[in-house]
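Summary of the model geometry
Letter by letter, the chains look like this.
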Amino acid sequence: MRKIKSIPLKLYQKQSRKVGQSPGTLTAFGEKPEKPTVVTLFDYDHNKCEEKQVEMMSELRQFKDSTTNSWTNVEGISDTDLVAEIGDIFGIHPLVLEDILNPRQRIKMEVYDDYIFIVLKMITYSDEKDSFDKENVSLILGKQFLISFQEKPGDIFDAVRKRLQTEGSRVRTFGCDYLAYRLIDLIVDHYYVVVEKYGEQIEQLELELSEKPDSDLLNNIQMLKRELLLFLRAVLPLGEVLTGTTKEGQMLITDDTRVFLIDAKDHFMQVKDTITSFRELAADMLDGYLSMISYRMNEVMQVLTIFAAIFIPLTFIAGVYGMNFEFMPELHFKYMYLVVWLLMIGTAGAMLVYFKRKKWF
Amino acid sequence: MRKIKSIPLKLYQKQSRKVGQSPGTLTAFGEKPEKPTVVTLFDYDHNKCEEKQVEMMSELRQFKDSTTNSWTNVEGISDTDLVAEIGDIFGIHPLVLEDILNPRQRIKMEVYDDYIFIVLKMITYSDEKDSFDKENVSLILGKQFLISFQEKPGDIFDAVRKRLQTEGSRVRTFGCDYLAYRLIDLIVDHYYVVVEKYGEQIEQLELELSEKPDSDLLNNIQMLKRELLLFLRAVLPLGEVLTGTTKEGQMLITDDTRVFLIDAKDHFMQVKDTITSFRELAADMLDGYLSMISYRMNEVMQVLTIFAAIFIPLTFIAGVYGMNFEFMPELHFKYMYLVVWLLMIGTAGAMLVYFKRKKWF
Amino acid sequence: MRKIKSIPLKLYQKQSRKVGQSPGTLTAFGEKPEKPTVVTLFDYDHNKCEEKQVEMMSELRQFKDSTTNSWTNVEGISDTDLVAEIGDIFGIHPLVLEDILNPRQRIKMEVYDDYIFIVLKMITYSDEKDSFDKENVSLILGKQFLISFQEKPGDIFDAVRKRLQTEGSRVRTFGCDYLAYRLIDLIVDHYYVVVEKYGEQIEQLELELSEKPDSDLLNNIQMLKRELLLFLRAVLPLGEVLTGTTKEGQMLITDDTRVFLIDAKDHFMQVKDTITSFRELAADMLDGYLSMISYRMNEVMQVLTIFAAIFIPLTFIAGVYGMNFEFMPELHFKYMYLVVWLLMIGTAGAMLVYFKRKKWF
Amino acid sequence: MRKIKSIPLKLYQKQSRKVGQSPGTLTAFGEKPEKPTVVTLFDYDHNKCEEKQVEMMSELRQFKDSTTNSWTNVEGISDTDLVAEIGDIFGIHPLVLEDILNPRQRIKMEVYDDYIFIVLKMITYSDEKDSFDKENVSLILGKQFLISFQEKPGDIFDAVRKRLQTEGSRVRTFGCDYLAYRLIDLIVDHYYVVVEKYGEQIEQLELELSEKPDSDLLNNIQMLKRELLLFLRAVLPLGEVLTGTTKEGQMLITDDTRVFLIDAKDHFMQVKDTITSFRELAADMLDGYLSMISYRMNEVMQVLTIFAAIFIPLTFIAGVYGMNFEFMPELHFKYMYLVVWLLMIGTAGAMLVYFKRKKWF
Amino acid sequence: MRKIKSIPLKLYQKQSRKVGQSPGTLTAFGEKPEKPTVVTLFDYDHNKCEEKQVEMMSELRQFKDSTTNSWTNVEGISDTDLVAEIGDIFGIHPLVLEDILNPRQRIKMEVYDDYIFIVLKMITYSDEKDSFDKENVSLILGKQFLISFQEKPGDIFDAVRKRLQTEGSRVRTFGCDYLAYRLIDLIVDHYYVVVEKYGEQIEQLELELSEKPDSDLLNNIQMLKRELLLFLRAVLPLGEVLTGTTKEGQMLITDDTRVFLIDAKDHFMQVKDTITSFRELAADMLDGYLSMISYRMNEVMQVLTIFAAIFIPLTFIAGVYGMNFEFMPELHFKYMYLVVWLLMIGTAGAMLVYFKRKKWF
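Attention here is on the structure that accompanies the text.

How each quantity is defined
- Residues numbered from 1 in each chain as written.
- Chains lettered and ligands numbered in written order.
- Predicted model: local features only at pLDDT ≥ 70, side-chain atom pairs only at ≥ 80, totals over all residues.
- Heavy atoms only, no water.
- Least-squares fit on C-alpha atoms with pLDDT ≥ 70 in both.
- Contact = heavy atoms within 4.5 Å.
- Buried area = accessible area lost by both parts, 1.4 Å probe.
- Salt bridge = Lys/Arg side-chain N within 4 Å of Asp/Glu carboxyl O.
- Polar contact = N/O pair within 3.5 Å; in protein donor to acceptor, adjacent residues only side chain to side chain.
- Helix = DSSP H or I, 4+ residues; strand = E, 2+ residues; numbered from the N terminus.
- Nonpolar A, V, L, I, M, F, W, Y, C, P; charged D, E, K, R; others polar.
- Phe/Tyr/Trp six-rings, centres within 6.5 Å; stacked < 30°, edge-to-face > 60°.
- Buried < 20%, exposed > 50% of the residue type's maximum accessible area, 1.4 Å probe, protein only.
- Lys NZ or Arg CZ within 6 Å of the ring centre and 35° of its normal.
- Pairing = 2+ DSSP bridges.
- Axes fitted to C-alpha atoms, helices over the stretch in contact; angles between N-to-C directions.
- Core = buried A, V, L, I, M, F, W, Y, C linked by side-chain atoms within 4.5 Å.
- Parallel < 35°, antiparallel > 145°, perpendicular 65-115°, else oblique.
- Left-handed = near helix turned anticlockwise from the far one by under 90°.
- Disulfide = S-S within 2.5 Å.
- Expected span 1.5 Å × (residues − 1).
- Arc of directions from axis to C-beta.

Section: the relation of the copies chain C and chain B
Note that the two copies of the chain are related through a rotation about an axis and a translation along the same axis. For these two chains of identical sequence, chain C goes onto chain B by a turn of 72 degrees and a shift of 0.1 Å along the axis, with RMSD 0.1 Å. Overall, the copies show the geometry of a five-fold rotation axis. Residues of chain C ranked by C-alpha distance from the rotation axis are headed by Gly322(C), positioned 4.8 Å from it. When the interface residues of chain C are mapped onto chain B, a mere 15% of them again lie at the interface, so each copy presents a different face.

As for the interface of chain A and chain B
On the side of chain B, 66 residues touch chain A, which itself brings 71 residues to the contact. Where chain A abuts chain B, roughly 5,900 Å² becomes buried across the two surfaces, and 63% of that area is made up of carbon and sulfur atoms. The largest per-residue losses of area from chain A upon contact with chain B belong to Tyr295(A), Phe316(A) and Phe325(A), which jointly make up 12% of the total buried on that side. Between chain A and chain B we count 8 salt bridges in total. One salt bridge connects Lys108(B) with Asp263(A), and the closest N-O pair in it is separated by 3.7 Å. Where chain A packs against chain B, one counts 17 residue pairs in polar contact (both at pLDDT 80 or more). Those elements giving two or more residues to the side of chain A that touches chain B turn out to be helix H3 (158-165), helix H5 (176-210), helix H8 (255-320) and helix H9 (336-357) of chain A.

With respect to the relation of the copies chain A and chain B
Aligned on chain B, chain A shows an RMSD of 0.1 Å; the corresponding rotation is 72 degrees and the shift along the axis is 0.0 Å. Comparing interface residues between copies, only 14% of those in chain A also lie at the interface in chain B; the contact surfaces differ.

A word on the interface of chain C and chain B
Quoted interface sizes are often the accessible area lost when the parts come together. With 66 residues of chain C at the interface, the matching set in chain B holds 71 residues. Carbon and sulfur atoms make up 63% of the area that chain C and chain B hide from each other, which totals about 5,900 Å². At the boundary of chain C with chain B, the tally comes to 18 residue pairs in polar contact (both at pLDDT 80 or more). Those elements that place two or more of their residues in the side of chain C that touches chain B are helix H2 (94-101), strand S4 (108-111), helix H6 (215-235), helix H8 (255-320) and helix H9 (336-357) of chain C. Considering every element that reaches the side of chain C that touches chain B, the biggest residue donor is H8(C), with 18 residues. Partitioned by chemical class, the residues of the side of chain C that touches chain B number 33 nonpolar, 14 polar and 19 charged.

What to know about the packing of aromatic side chains
Scanning all chains against the criterion turns up 100 aromatic pairs over all chains. Ring centres of Tyr112(C) and Tyr115(C) lie 5.0 Å apart, and the angle between their planes is 15 degrees; this geometry places the pair in the stacked category. With relative accessibility at 15%, the residue Tyr112(C) sits in the buried group. By way of ring pairs, the aromatic residues Phe307(A), Phe311(A), Tyr321(A), Tyr337(A), Trp341(A), Phe316(E) and Phe325(E) are connected into one cluster. Above the ring of Phe327(A), the side-chain terminus of Lys334(B) is found at 5.7 Å from the ring centroid.

Notes on the sheet that holds strand S7 (residues 145-150) of chain B
Two modes of strand pairing occur in sheets, parallel and antiparallel, and in both the strands are linked by backbone hydrogen bonds. All names here are of chain B. Strand order in the open sheet formed by 7 strands is S2-S1-S3-S7-S6-S5-S4, and the pairing between neighbours is mixed. The outermost strands of the open sheet, each flanked by one partner alone, are strand S2 (49-53) and strand S4 (108-111). The sheet shows a mean angle of 20 degrees between the axes of neighbouring strands, taken without regard to direction. Strand direction decides the pairing type here: S4 and strand S5 (residues 116-126), joined by 4 bridges, are antiparallel. Bridge pairing in S5 places Glu110 opposite Phe117. The strands touched by helix H3 (residues 158-165) are strand S1 (38-44), S2, strand S3 (69-75) and S7; relative to S3, the strand with the most contacts, the crossing angle is about 155 degrees.

Remarks on the nonpolar core
Soluble globular proteins: nonpolar side chains tend toward being buried together. In terms of nonpolar packing, the biggest core is built from 150 residues, with Tyr321(A), Tyr321(B), Tyr321(C), Tyr321(D) and Tyr321(E) touching the most fellow members. Sequence-distant contacts of Tyr321(D), that is, excluding residues within four places in its chain, are made with Gly322(C), Met323(C), Asn324(C), Phe325(C), Met328(D), Glu330(D), Leu331(D), Met336(D), Val340(D) and Tyr337(E). Membership of the second largest hydrophobic core comes to 68 residues, among which are Val235(E), Leu242(E), Met285(E) and Tyr289(E).

Remarks on the pairing of strand S7 (residues 145-150) of chain C
Residues and elements named next belong to chain C. With 6 of its 6 residues buried, S7 lies for the most part within the structure. Residues Phe145, Ile147 and Phe149 line one face of S7 and the alternating positions Leu146, Ser148 and Gln150 line the opposite face, and both faces are buried. Both strand S3 (residues 69-75) and S7 contribute to a ladder of 6 bridges, which runs parallel. Bridge pairing in S7 places Asn73 opposite Ser148. Pairing of strand S6 (residues 131-141) with S7 involves 5 bridges; the strand directions are antiparallel. By the bridge assignment for S7, Val137 is matched with Gln150. Taking the residues that link successive antiparallel strands as the turn, the S6-S7 hairpin has 3 residues.

Section: the pattern of salt bridges
Any two side chains of opposite charge can pair if their charged atoms end up close together. If you walk through the whole model with that rule in mind, you get 85 salt bridges over all chains. Put simply, Asp99(A) and Lys108(A) hold a salt bridge, and the shortest N to O gap is 2.7 Å. Accessibility expressed as a relative area gives 4% for Asp99(A), which makes it buried. On the basis of relative accessible area, Lys108(A) is assigned to the buried category, the value being 7%. For Glu280(E), the salt bridge goes to Arg279(A), with nearest N and O atoms at 3.2 Å. Of this pair, Glu280(E) sits in helix H8 (residues 255-320) while Arg279(A) sits in helix H8, which puts the two residues in different chains. What you see here is one network of salt bridges that share partners, running through Asp99(A), Arg106(A), Lys108(A), Glu110(A), Asp263(E), Asp266(E) and Asp273(E).

Side note on the sheet that holds strand S2 (residues 49-53) of chain A
All names here are of chain A. If you trace the 7 strands from one edge of the open sheet to the other, you get S2-S1-S3-S7-S6-S5-S4, paired in mixed fashion. The sheet is open, and its two edges are formed by S2 and strand S4 (108-111), each paired on a single side. Within this sheet the neighbouring strands show an average axis-to-axis angle of 20 degrees, counted without direction.

Notes on the packing of helix H8 (residues 255-320) of chain D against helix H6 (residues 215-235) of chain E
Two elements in contact, H8(D) and H6(E), have axes separated by 11 Å at closest approach and are oriented at 170 degrees. Our classification of the angle between H8(D) and H6(E) gives roughly antiparallel. Two secondary-structure elements touch here, H8(D) through Asp273(D), Thr276(D), Ser277(D), Glu280(D), Leu281(D), Asp284(D), Asp287(D), Gly288(D), Ser291(D), Met292(D) and Tyr295(D) and H6(E) through Ser215(E), Leu218(E), Asn219(E), Gln222(E), Lys225(E), Arg226(E), Leu229(E) and Arg233(E). Looking at the contact of H8(D) with H6(E) residue by residue, the class counts come to 5 nonpolar, 7 polar and 7 charged.

Remarks on the packing of H8(C) against H9(C)
Residues and elements named next belong to chain C. It is at 10 Å that the axes of H8 and H9 come closest, and there the two elements cross at 160 degrees. Taken as axis vectors, H8 and H9 run roughly antiparallel relative to one another. Remark: the crossing between H8 and H9 carries right-handed chirality. The residues of H9 that touch H8, namely those facing Thr305, Ile306, Ala309, Ile310, Pro313, Leu314 and Ile317, are Val340, Leu343, Met344, Thr347, Ala348, Met351, Leu352 and Phe355. Its residues placed into classes, the contact of H8 with H9 shows 13 nonpolar, 2 polar and no charged.

Quick notes on the state of the cysteines
Residue and element names in this part refer to chain C. This model, assessed by the stated rule, comprises 0 disulfides over all chains. Cys176 takes part in no disulfide bond, and the closest cysteine sulfur, belonging to Cys49, lies 11 Å away. On the accessibility criterion, Cys176 (1% relative accessible area) is buried.

Details of helix H9 (residues 336-357) of chain D
Taking 1.5 Å of rise per residue, the 22 residues of H9(D) would be expected to cover 32 Å, and the 31 Å separating its terminal C-alpha atoms lies within 8% of that figure. On its buried side, H9(D) packs onto H8 of chain C, H8 of chain D together with H8 of chain E. A positive backbone phi angle near 60 degrees is found at Lys359(D), which sits one or two residues after H9(D).

Brief notes about H9(C)
Turning to H9(C), its buried residues are Met336(C), Tyr337(C), Val340(C), Met344(C), Thr347(C), Ala348(C), Met351(C) and Phe355(C). Down the axis of H9(C), the smallest arc covering the buried residues is 120 degrees, so these residues share one side. More than 90 degrees from the buried face of H9(C), the exposed residues found are Leu342(C), Ile345(C) and Arg357(C). In this fold, the buried residues of H9(C) make contact with helix H8 (255-320) of chain B, H8 of chain C together with H8 of chain D.

Interpretation note: all reported values are geometric properties and have no functional meaning in isolation.
Listed below in C-alpha cells is the structure:
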C-alpha cells in the first residue's frame, strides 16, 4: 500500500523573537541556508521590461516613487540586514519586517497608509520526491512597486516572470496590483494540486476499505484526517485576506484587478469547500471502519458461540461415560452406546435449530 | 436489495487551465463529445416568438441591443472558439468565459456592469437508467438578452421552450429576467425529484434496518450519507445566488420577477432543509445499526457464557472420575455414581439460578 | 410497554405542480376528501358579529374594502376553483394560491403590497386516537379582512369563534391583525400539548431505561429522537415568521397587537428550547443505553473468563491422569489422587486470588 | 458514594392558561400553598426607610407617582385577585400579569412605555436538605417604584432588606434601578453557589472514575450531565436580559446603575462559561469511562484467550490418550508418557512465546 | 513515561465577596502570602526614568495628573487597604477594585470615563519545576499613568523594566498606552511557551500511541484534552479585549500603539488557532486509541475462536472413544485408532480452510 505522505506543516509556530524582546527586533530564524539571498528587480511598464540582479540595495531607492512599475523579488529571508535595508528604503514598519522574517507567521493582510502587507503560504507538490513543500511568501504592495519575499530560494514565480517578459500581456499593461493578484492566483493554483493529491488518497483509501481493512489502513485514514486539518487551518485565513483586498475603498487595488481577485477568492472557496468535504469523508471512513470491525467481531463471536454451545454439552456427555465408577449400570447395557450417540446427535440438532431460529447463521 | 445508485458528483474539481496559466485562457475540458454544439436562438416579445438554429455566430450580434428579447441557448461547451466568439459579441469578461467552459465550476453569481453571470448545476434523474446525471448550466442575463450554456447537448429546457411558444404566457410577456427565473425554477424542480429519490432510499433502508441488518446495509447507509453530503455541498451555494438576485437594487431584475425568485428561493430552502434532515436521519440509522450490533453481541456473549459456565465445571467433575489412579476410594462406593450425578445437576441448577438472578435470560 | 405514537410528518415534501409546469398553476393535491369545502364568513366590528355560510363566493367581494372587519374561513383546500375564485376577488398573487393548495408547504410569511401571507402548521393531539394530526393553515391578512384556509374540514378554531361571539371581548374590539394573532396563538398552544406528550414519553423511557433496557427500548428512543427532529424542523420557521410580524414598520400590524405577537413569539421560543433539550436528552439516553450494554458485556466476559480460566486447567489435569499409558508411575502412588486434588484446589485458589487482585469480582 | 442531588427543574413548562383561552386570563397555578400571600412595602429615600406590611392593596396607589422610592415585595403568587389588583393600580399589561402568575415562565425582559418587566429564576441551595430549590422572581421596575413577586413565601431578599435599613448605603442613595440590580445580583450570587456544588460533584466523580468505575458512576455522570444541561437552558436567557438592561437609551436605568449591571453580566458570563466547561468535562468523563471499559474488556479477552489457547490443545492431547482403543501402540511404549508430557510442555511454551510476541502480556 | 503536568487552573471561580454582600466590598482572597506587598514607581519620559520603591501611597497622588508618564506596579494583592488607598488616589470605581482583588476574575476590559481597566492572565512555565504557574494581572491605564497589579510578588515584568531604563527605547518615547501594550505582549509571548510545551506533549503522546498504547496513555490524552479546554476557556476572552483596545475612537490608545496592539491580537489568534487544533488532534488521538483497541480485540477474538473451533470438536471425538461402555464395537477394530486420527486431522483441516476463506488469518 502506498504510504501517506505528510505535508511538513509544523504544528505550533514559534516566534522568531524571544519572550519579552522588543517588538520589531529582527532575528533570523533557523540555520543559514546553503544558497545566498538573491534579489531580482523587474522595472516594467507597458513598453519595456528590464530584469536585473540587484547587488547594492541602495539601487532600489529610485524605484520607490518612480513612474514605472517595479517588482523586487527577494529569494531567501536569512539575511536580516538585507531585509532591514529594503524595509528602510521603502519605509516599511518594523513589525512588518519582523513578520516577513518569521517563516511560521500565519496568513494575514495589514493595510498601512501607503502600502498593503500580505503574508501567504505557498504549498507545492513535487512529483519526483512525491512530497509537499511549504514556504511563506510575503508581499508588500505599494502604488508603483511590489516587493515579494520568498522564504526559500527557488523559481516558484517562473510562470509569472515569463508572462512579464511578453509584450502586450495583461500583467504588463495593468499595474502592480494585478501583478500581486497573479502571484496570489499562482499560490491558489498550487492548492488545487494539493487538493487533487488528497482526492487521490481518499479514493485509494476508500478502495482499500472496501477490500481488506487492517490496522495500517486505520492509521492512514487518521493521518489523512490530521493532514487535512492542518492544511485547512494553515490556508483558512486566505479567505479573509481575499475578502479584504476586494473590499470597496481599498485605494491600492484598481477596479480591473478587483474582478480578478474576486475570481481568485471564488477559487479559494472551492479549495476550502473541497477540503472540508474531504474531512467529513475521512471521518465517515473512520466510522465505516469501526462499524465493520464491530460487525465482524459480532460474526466471530457467533461462530465461537455456536461451536462452543454445540460441543461443550457433547463433550460433557462423553466425559460422564468416561468415568471409572465400579457401579455404572448403563455401561453394561447393550445399546447404551448407540443411545448415547443418538442423545448427542439430538442435542447438537436442537442447538442448531435454536441458533437457526435466532438467525445466527 | 436494491443497490444505492451513486450520483456522479466528482469529489474534487480540477481547473480547466493549468497551474500558472494566464487567467482567462480558454481551454476545452475533457474529451470531445460525440454530438456537435447546437446554438438555438429565440427572438421573442409579447407578439411573436421566432426560433431558429444559429449557424454563424455573427448573426447574434444584432440581438445584443435589439428591443425584442432574445434567448440564445448553447448546447455543449466543447467548442472553445464558438464560446469565445459569443463572448466577444456580447462583451463578456474572459474570466466568465473560462468559468463557463469549466464543467466543475461551483454554483455562483457575479454581477457585472451590464450583465449578471450565474452558474447553476442541473441534476436530473432518469427512470430508464435509474441513475442521476449532472451538468453545469451557465446563464448570462443582459437587459434584453439571455444566453444559456448547457454542458451537454440535450433537451432539459423543453418545458420552457414550449411555454415560450404559447402566446399570452407569462414568459412571453415578462422580460428576460423572468425567463432566467424559469430556467432556475426548472433546475430547483429537478432537485425535488432527487430529494424524493433519496427519501425513497431512506424509507427502504429503514425497512431493511428493522428487518435483518447486515454489512451490506451498513455500506448502503454510509454510501447514502456520503451522497447526501456531496449533493448538499454541490447545491448549497444556490441559496446565496438566489438571495443575491432578490436583493433590492439589482438593476436587471424587475420587481415582478423578484416575487417569483423569492418563491424559488423558498423552494430551494425546502430542498436544503429536507436534505439536511436526511443527513441526520442517515446518521441516526448508523447509530441505530451499531447499537443493534452491540445489543446482539451482548446477547451472543450471554448465551456463550451460560453454556460455558454450566458445562465446564460439569466436564471437570466427569474428568476427575475418569482418572485412572489405582487408589481412588470413591470409585468403589456403590452410590457414588448417583451422588456425582446429583452433584452435577445441583451445580448446573445453582448456575441457572445465578444467571436468572442476573437477568441474563 | 406503551408504543411510541408517530406524528405523521412526511419526510419530503412534494410540490403540487409538476416539474417544469408554469408557476402559479393551481392543482389539487392528493385524493378528494369526503366532506365538501365549507366557507364561513364572520362580519364583525365592535358592535355586531354576523356569522354565515357562504354559498356563492361573489358574496365575499363586498368585504374586501368594507369598513367592518371580516373573517373568511375556508375549511378544505381540495376545491381548486373555489380557492382561485376567492384569490381573484381579493387580488391574491397566483404563487400565494399555489402555496395555499400545497399541504406540504413549509411555514413562511410573505409581505405583499396590501396583504400579508402566512403559512402555519397546526399539530393537534387527539386523546381518543392517542395520536397526532397535522394540517397546514394559511392566513391572508388584509387591512379589514382575514382569510384563513384549513387543509382539512374541522372545528380547530372553535375557541376563537366563541370568543368572537362575545360582546366586548378584545378580539371584537381590536382589528383583524389581533384575530390573526389569536389563530397563531391557538396553534402555539397546541404545540405545548405536543411538547407535554413528548415529555411524558421521555419520562417513560427514562424509567424503562433504569429498569430493564432491551432492544425495543432502543428502537423507541431512536424513534422519539427522529420524531423530535422532524417536529422541530417542521415548526422552526415559525420563529422567523413571528419576528417578521413584530418588526417595526409592518403596516398591517398595530402596536397593540404587536405586544401580543411578541408574547406568542416568547411562547414559541419556549417550545423550541424545550424540544431542543428533549433532543439532547434523547441523545444522552442513547449514549446511556450503549454505555450500559458495554458495561454489562464487560461483566459477562469477566464471568466467562473466570470460569474458563479456573476450570480449563483443572480439566486438563484430570485429562492427564485419564490417559491410558501402560507406564504412568504416578497412577500407582498411594496418595497421588489426594495430591492431584490438592494441586487442583491450589490452582483454582491461585486463579481466584489473581482475579480478586484484578478486581474482577 | 454520595448520591447526585437533582435540581427540581421541570422539563417541560405548562402554560397556566388552557389551550385557546383568551390571553391575559389570570389563573392560579398548582395547589394553594400553606402560607398566605404577604405584601411588604419599603418607602425610602436618602433620609428615611419605612417598612410595613400592606393589608389593603389600595394603600399602594399613592406610591405609583410619589417622589420617594418604593419597593413592593409580594411573597407568593397564588392569590390571583391580589396580583390583578396590584396590576390594576400600577397600570400593568394583562400579559405581564399572566406571566407573573406562571411559575414556569422562562427568563425574559420586556420594555413597556413606563416600566420594564423582568422574569428571573432564583436557584438556592440549602445545606440542611442538601438539595436545590427553584423559584421564579418577577420584577416590575418603574420610575420611582419597584414591584417584586416571589413565587414562594420566604426571606430570600433578606440581605438586601438589611442593606436598605442602613443609612447612607448605596442602595438608599441610588434609585429603584439600583435596587433592582441588587436583587438580580443576589440571584447571580446564588448561581455561584450552584456552580460550586456542581464543581464539587465533578471532582468527586473524577476521583471515583480514577478509582473503581462501576455502573452507578456511569449513572451519576449522566445524571450530572443532564442537570447541567437543564440548569444552563434555564438560566441562559439571563445573558440577553442583562445585555438588554445595559443598552444605551434604556430610560429607566441610570448611568450609575448601568456600570453595576455590566458587572453583573460579567459575573453571569463567568457562571455560563463554567457550566459550559463542566458539560464538556462531564462528556469527557463519559468518554473516559467507555474507553476504560473497552480497554478492560480487551484485557479480559486476552486473559481468556491465552488460557483457552494454551490448555485447549493440551486437553485434546490428554483426551487422545484417554481413548480406549484396543490397538493403540503408543500406549505401550515405555517412555511415551514422558514424551507426551514434553509435547504438552512444548506446545504450551510455543503458545506463550507467540502471545509474548503479540505483546498480549 | 513523562507524566503530564497539570496547569493549576481552578475549575470554578469563587467570588471573593459573600452571597448578598454589597458590591464593591473589598475582601482579601485566600491566605496571607509570605512576602509583603511591594509597590514600585517608574516616573519616566523621553529624557529620564526614575525608579523607586513607594512606601507611603500618598506619594502617588502627584502622579495622577503629572505631565510625565508614571507606571505604578503593585506586587501582591493581599493588602486590601493598600489597594483601596491607591484606588482612592486615582479615583477608581469600587467594582474595579473588587475585581482586582479577585484572583479568579476572568479576562475582561472595561472602559471608564478617564481610564481603561483590563484584567489579564499571565501563565508562565518554569523549567526547574517543569510546571505551569498562573496569576492574574490587572492594568489601569489612564492618560499619563499606568497601574499594574500582580497577584503574586515576582519579577515577571523584568524584560520591560530593563527596556524602560534604556534611553531612546520605544517604550520611553511613546506613552503609557505603549507600555501597557508591552505588558500585554509579554503575556502573549508566555502563551507561546505554553503552546510549545503542549505541542511537545502531543508529539510525545503520538509517539507512544504508535508504539504501545496502554491505559496510562489513555489517561494522559484525556488529561491533556482537559488541560487544553481549561487553558482555552481561560485565555479566550483576550481576543475580545484586544479587539476592544484597537477599536477606533478609543481615546486613551494612540494610533501608533494601535498598530502594535493589532499585531498582539494577531499573535493571540495564532495561539488560539493552535490550541484549537491541538484539541482536535487530541480528540483524534482518543478516537485512534479506541479504534486500535477495537481492532486488537477483534484480532484476539479471532485467535480464540480459531483455537476453540478447531480443538473443541477434536476433544469431543477423543472424549467419545474414552467412554467405558462394554459394547463399543469400534474400540476393537484394528485400524480404528488410525481412522480416528485421520478424522480428527480432517476436521481440523476443514476448519482451517473455512477460517482461511473468511480471511481470519
